[in-house]
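One letter stands for each residue in the lines below.
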Amino acid sequence: MRLGRRTGISNASAGGSCVTRPRGVLSVFRKIVREVRNRLGSRRKGPADMRLVSPAQQRACVLPAGFVVDLVSDSLRTADGAFVELRPRSFAVLRLLAQNLGRVVSRGEIMASVWNDAAVTDDVLTQCIVDIRRAIGDTEHRTLRTVPRRGYLLTGTPGEPARPEAAAPEPALAPAGRVVPETRYARSGAIHIAYQVTGEGPVDVVFVQGYVTHLELEWEDPRPARFFEQLSSFCRLIRFDKRGTGLSDRVSGLPTLEERMDDVRAVMDAAGSQRAVLLGCSEGGPMSILFAATHPERVRSLMLCGVMARIAWAPDHPWGRTAEQLATNVRIIEEKWGSGHSVDLFAPSIAGDPAYRAWRGRLDRAAASPGAAITLARMNFDIDVRHVLPSIAVPTLVVHRTGDIAVNVEHGRHLAGLIPRARYLELPGRDHALWASDTQILCDTLRAFINEAEVGPDRDRVLATILIAEPGSEADEAASAGVLRRQIALHRGREVGAGGNAPWTVIFDGPARAVRCARAIIEALRASGMQARVGVHTGECELRDGKLEGVAFRIAAHVAKAAAPGQVLVTSTVRDLVAGSGLRFVQLGERSFPGLPGSWVVLIAG
């Protein structure tokens, strides 16, 4: 595999050629951005507009809700002096606005003052505004107003700094002397997801780690702590413990991929991230792949490190693990969980370090029980997102260590070959854990990719699960409308217009929801003496003028027609994406559909 000369990154998409973007293009782009922002910042500014109130003249700003912007100690406080946490960059924006009370401050002026004219996207400023409004409870945007095409206006009065009643507690220190970031919680439905944010870079990176994690214990060993610090030096790093592990809520049963996608969105919303780079590692990769294809509007780019689209062996996937290997892994977990045994598989280069082994054992015990670890291993064995790979439209980088003994390097090569225009890089080493071996070249590669990957426009084509319901008769079609709409709303579906003769076409952002909705529709209609045929398929959809088009829609329509009255049929693509959902299927065999190439495995949803 040939590598790009400057970045060490190759373009590995099927049929693609090795391309290296000239660095001069990025420099020219940054210069243009600076010039445009300078012009916007200077538009309509008279001499009075250029005057700023100096900190010597104004010591504080009192906001309508009682919050105080303390310009002496550079802090945001409540009326009684308690500190309100706000990211440094967000406070810098608030400070500038507080120094210009009653005046509209342009976006260009904010960019020039806070970011020193660095080339950053408008999303970064927007996230700071969201942070400020959340901190001061300005849900109706009355204190911090957005003035269309002009900038932002802060309402308040000059005042004196609030006097704190008690000193703020000192932040906790990890054994290595590092400050442990504050752990916060995002609400995802009824579940609380623990997350941490570090760094002040211009781009958000959501790190989707593999297997089991523990946000706070990961700072106790210098290797992962140093790796997180390296990443945080050029981005705003958002890490979280997935539901059922670490500091997040324990759950009964297995989390599905779509539930985990909900968790990522909840964490991004809580952290004020509108659009982020997704860094998927190991077992976190399949969910990251599905998220990027389903929600491209939330993903700037995708980075996959040590990732597999499918773990299990198959005739067309010979580098996967066999059922016998899974059974061996389950037995080892039963016998050795919490002893640090996972180091032998995930970080063999440092397996002889007793301190690291002891730390890993402590983290495993705190992150999950042996039963939870076994359940997670079995669920991962059933996941297959290979059909999703061609639907990824965001810029993608695939990185894999050549000698990775946990996830064979063929997995990485396979991913890069199926994701359109993906870049691929192989690094030397046998470790699966990203923070083992040499992390500097890995971080340099990730930084270069983040800086050079261009964010494309929002597309009309996204990955979605399509449900098509055909009532048994014209009478049923009219009478069933209320039943169908009720179930569609309960399961978060979206009814869309469609070509052809399909009377009910609904799209979902998760296949398990679609299957459960289909079964609920059948049961509700049966209780009312009616029936329908329902087909479900997951694929890339295209909405044009409010109508659904494309091959995925045609497949779903054919599957619905193949169903018997009162039956729900799904394709194998749907089955492969609902691991952990508890849904059961009975395979009917392969079907060929008119006008569509190849054949499709069809199953009855029980």
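The rules behind these values
- Residues numbered from 1 in each chain as written.
- Predicted model: local features only at pLDDT ≥ 70, side-chain atom pairs only at ≥ 80, totals over all residues.
- Heavy atoms only, no water.
- Core = buried A, V, L, I, M, F, W, Y, C linked by side-chain atoms within 4.5 Å.
- Buried < 20%, exposed > 50% of the residue type's maximum accessible area, 1.4 Å probe, protein only.
- Contact = heavy atoms within 4.5 Å.
- Helix = DSSP H or I, 4+ residues; strand = E, 2+ residues; numbered from the N terminus.
- Expected span 1.5 Å × (residues − 1).
- Polar contact = N/O pair within 3.5 Å; in protein donor to acceptor, adjacent residues only side chain to side chain.
- Axes fitted to C-alpha atoms, helices over the stretch in contact; angles between N-to-C directions.
- Parallel < 35°, antiparallel > 145°, perpendicular 65-115°, else oblique.
- Left-handed = near helix turned anticlockwise from the far one by under 90°.
- Nonpolar A, V, L, I, M, F, W, Y, C, P; charged D, E, K, R; others polar.
- Phe/Tyr/Trp six-rings, centres within 6.5 Å; stacked < 30°, edge-to-face > 60°.
- Pairing = 2+ DSSP bridges.

Enquirer: In this structure, what is going on with the nonpolar core? I would like to understand it.
Expert: Generally speaking, soluble globular proteins have nonpolar side chains that are buried together. Counting residues in each nonpolar core, the largest one holds 101 residues, and the members touching the most others are V206, F227, I289 and L446. What L446 contacts, discounting residues up to four positions off in sequence, is L231, F234, L279, M303, C305 and L397.

Enquirer: For this particular structure, what's the right way to read helix α10 (residues 354–367)?
Expert: Within an α-helix, residues lying three or four positions from one another point in the same direction, as the helix has 3.6 residues per turn. Its 14 residues place the ends of α10 20 Å apart at the C-alpha level, agreeing with the 20 Å of an ideal helix rising 1.5 Å per residue. Of the positions making up α10, those classed as buried are Y356, W359, R360, G361, L363, D364 and A367. Among the structural elements, α5 (222–232) and α9 (343–346) are those in contact with the buried residues of α10. With a side-chain oxygen lying 3.0 Å from the backbone nitrogen of A355, the N-terminal cap of α10 falls on D353.

Enquirer: Looking at this model, I keep getting lost on the packing of helix α15 (residues 481–490) against helix α16 (residues 511–527). Mind explaining?
Expert: Interhelical geometry of α15 versus α16 gives an angle of 150° and a closest axis separation of 9 Å. Considering their axes alone, α15 and α16 lie roughly antiparallel with respect to each other. Both α15 and α16 take part in a crossing whose hand is right-handed. Contact residues: α15 offers V483, L484, Q487 and I488, while α16 offers C517, A520, I521, A524 and L525. Here the contact of α15 with α16 is built from residues that sort into eight nonpolar, one polar and no charged.

Enquirer: Help me out: how do you make sense of the packing of aromatic side chains in this one?
Expert: Given two aromatic rings, one states the distance between the centres and the angle between the planes to describe the pair. With the rule as written, the count across this model stands at nine aromatic pairs. With centroids separated by 6.4 Å and ring planes inclined at 75°, the aromatic side chains of F207 and F228 adopt a geometry described as edge-to-face. Here the residue F207 occupies a position in strand β11 (residues 204–208), and F228 occupies one in helix α5, the gap between them amounting to 21 residues. Here F207 and F228 have matching classes, each one buried.

Enquirer: Sorry, what's going on with unusual backbone geometry here?
Expert: Generally, phi is negative for residues other than glycine and the peptide bonds are trans, each holding for most cases. In this model, Y211 sits at a positive phi of 55°, which is unusual for a non-glycine residue. Along the chain, the position of Y211 falls in the loop between β11 and α5. Unlike most non-glycine residues, R421 shows phi in positive territory, near 60°. Of note, R421 is situated in the loop between α12 (409–418) and β16 (423–427). Given a relative accessible area of 55%, R421 falls into the exposed group.

Enquirer: Just to check I follow, could you spell out the sheet that holds strand β4 (residues 75–77) for this structure?
Expert: In any sheet, the strands associate via hydrogen bonds between backbone groups, in a parallel or an antiparallel arrangement. Here we have five strands laid out as an open sheet, ordered β5-β4-β3-β2-β8, and antiparallel in their pairing. Across the chains shown, the open sheet's two edge strands, defined by having one partner strand only, are β5 (83–84) and β8 (157–159). Inspection of the sheet shows strand β2 (residues 60–62) paired to β8 by three bridges, in the antiparallel sense. For V62, the partnering residue across the bridge sits in β8 and is T157. Taken strand by strand, helix α2 (residues 88–98) contacts β2, β3 (68–70) and β4, and its axis lies near 100° from that of β3.

These values are about where atoms sit, not about what they do.
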